[in-house]
Amino acid sequence: MHRSIPLVAASAMTVLLVGGCAQSANAPGAGDERTSLVAAYSEGGQTLNPYEANDVTSDTFVLAAYDQLVTYAVDVVDGEATARTQEIEPMLAESWEVNDDATEYTFTLRDDVEFQSGNPLTSADVVGSLELIEASASASFLYGMAGIASYEALDEHTVRISLTGPNHLFLQILPMYSFSIVDTALVEESGGAEWLSTSTAGSGPYVIEAWDPATEATLTRNEDYWGEAPAVDDVTVRFIAEPANRVQLLSGGDVDLATEIPANDVEGLAETDGVVIDSRASNKILFFAMNNEIAPFDDPLVRQAISYAIPYEQLVDDVMEGQASPLTSAVPSSMAGFDDSTYAYEHDLDRARELLAEAGYPDGFTFDFTLGGGFQDWADDAVLIQAELAQIGVTMNIQNMARPQFLEALDTRQVQAYISRWTSFVNDPQYHLGLLMTTDTSSNYMNYSNPEVDALWQQASQETDESVREELYGQMQALITADAPWAYLYEYNIVVGLSEGTEGYTSYPDGIVRFAQLSVEA
């Protein structure tokens, strides 16, 4: 069965925002249990293709419609469900064996899984999915980071994946949305991978019935799902760009779940009847990046001076209003291997002036700062930093740019300075530093390059002793802090607003909500 995903009515959001006409999401239905959930997201996503998805909304739909070979374990920490990316559990693979030198993983697939098309899952689908991952523009980098050398189907339900060497990240990367297993027969008869951008071919707990990135998406429970059936029959995700509207809908009981809650609305929502705020520390970080190949930021003394001039306490206390904590290393504090023992950049304008004079800029300089749109805290941070830099003679010209253009500009690696945030979906320094701080990696938009850092990262990638790896990561953090390619700003809390009675929310490092884990009381 081909599943075509139609557009929904464009008037849906208009009806919602004028208020009064839409049925309350918290209104009980005919029975004693709620069978539907309404969520508010800030944007509608870019694609349904699991191998090209690269935004939270797209990733959310992929994880609803697809399964992976393995998944992350969930522990209860202080009464809150929390995912552990270091602990891996079966999913489509019911078991796996590892050879003595940890370079071959042999997975045994479940024999009771059917895709939403009705086709049975076999080894051919795993092999075909790995071929699509390897060939993709986006997921292929993760394929390389996982260290996959080759793969083969040993029989209908057994697949062997060989690695280039021991790699402790391999199993941690497999649960990511990028490693979803697709119904390859359906993909092939539908025209190939491009078809996946607007259609699905998964075995996951939800069927995506309709998706219009401008308005909303609707999902229904996969009644033939092989695993535990979701508690909620239907999920509607409304795309509402304006934060104030998402806050209003949640406080008014019109949605059960809202994401991207502004920090200055958290306290008010937490005191609102019928609303529960889930705010937890995370590995999502914000940094002030300086392009290491563009003067004057090609001089580490200048970058260090800027780092001393940042008003860190103001950013955390006045802008984030307690929904963030200081960042004191290139690695966030919640990640194993975190080491900020060499961090020294407390706010000190005198020290900043000394470093500027030493670098040959006793009277300061002028530079262009590109501010990407979409996040109020970035704009507020930029104004505070601009004012502080003016005190040491540095003029920061803020150039506003819409988010799509901002992302395109970063890709050129010619932006002189900017603020950006980052979330490491695998909570491990090998993944985190490998994507951000090694030369020529995909997300190193500030052109940072230190051969010692690269060598330590390569050494850590082959190291099987966790304690030795952490020593190597500590050395990397010390080098990076001294080089100061970023001024470290803060670590975000992940904030999700829930209607009272919405249960099962679990915090993942990737910040993605798994709808199949949620239930809603009447």
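Calculation rules
Residues numbered from 1 in each chain as written. Predicted model: local features only at pLDDT ≥ 70, side-chain atom pairs only at ≥ 80, totals over all residues. Heavy atoms only, no water. 1 Å grid on protein atoms, 1.4 Å probe; cavity = no way out; pocket = protein on both sides within 12 Å on 5 of 7 lines; lining within 4 Å. Points joined across faces, edges and corners; volume = space filled by probe spheres on them. Helix = DSSP H or I, 4+ residues; strand = E, 2+ residues; numbered from the N terminus. Nonpolar A, V, L, I, M, F, W, Y, C, P; charged D, E, K, R; others polar. Contact = heavy atoms within 4.5 Å. Buried < 20%, exposed > 50% of the residue type's maximum accessible area, 1.4 Å probe, protein only. Pairing = 2+ DSSP bridges. Phe/Tyr/Trp six-rings, centres within 6.5 Å; stacked < 30°, edge-to-face > 60°. Lys NZ or Arg CZ within 6 Å of the ring centre and 35° of its normal.

(A) Quick peek at the layout of surface pockets. By volume, the second largest pocket amounts to about 620 Å³. Contributing elements (two or more residues each) for the lining of the second largest pocket: α2 (56-65), β2 (70-77) and β3 (80-90). The greatest single-element share of the lining of the second largest pocket, amounting to four residues, is contributed by β2. For the lining of the second largest pocket, a count of residues per class yields 19 nonpolar, four polar and four charged.

(B) Here's a closer look at the environment of E134. With respect to the helices and strands, the residue E134 is situated in helix α3 (residues 123-135). Spatially, the C-alpha atom of E134 lies 9.3 Å from that of I148, the residues being 14 residues apart in sequence. Excluding anything up to four places from it in sequence, E134 contacts S140, Y143 and Y151.

(C) The environment of P296, seen in detail. For P296, the location among the structural elements is in the loop between β12 (275-290) and α9 (300-309). Sequence spacing of P296 and Y66 is 230 residues, and the spatial spacing of their C-alpha atoms is 47 Å. Look past the residues within four positions of P296 in its chain and what remains in contact with it is V302, Y361, F365 and Q416.

(D) View of empty space enclosed by the protein. Inspection of the entire model under this criterion finds two cavities of 30 Å³ or more. What the second largest cavity holds in volume is close to 40 Å³. L69, V126, L130, I133, L174, F179 and I181 together form the lining of the second largest cavity. A breakdown of the residues in the lining of the second largest cavity according to their chemical character gives seven nonpolar, no polar and no charged.

(E) Geometry of the pairing of strand β8 (residues 206-211). Counting buried positions along β8 yields five of six residues, so the element is predominantly enclosed. With five bridges connecting them, β8 and strand β9 (residues 216-221) associate as antiparallel partners. Paired with W211 across the strands is A217, a residue of β9.

(F) Examining the packing of aromatic side chains more closely. Going through the model one piece at a time under the given rule, you end up with 22 aromatic pairs. Ring geometry for F297 and F367: centres 5.1 Å apart, planes at 85°, overall edge-to-face. Taken together, the residues F297 in the loop between β12 and α9 and F367 in strand β14 (residues 366-372) connect sequence positions 70 residues apart. Take F367: its relative accessible area is 1%, and that puts it in the buried class. Between Y308 and Y345, the ring centres sit 5.0 Å apart and the planes meet at 70°, which makes this aromatic pair edge-to-face. Here Y308 is found in helix α9, whereas its partner Y345 is found in the loop between β13 (324-326) and α11 (349-358), with 37 residues between them in sequence. A relative accessible area of 13% places Y308 in the buried class. Residue class for Y345 comes out buried when judged on its relative accessible area of 7%. Among the aromatic residues, those joined into a ring-pair cluster are F287, Y308, Y343, Y345, W486 and Y488. For K284, the ring lying beneath its charged end belongs to Y492, and the centroid distance is 5.6 Å.

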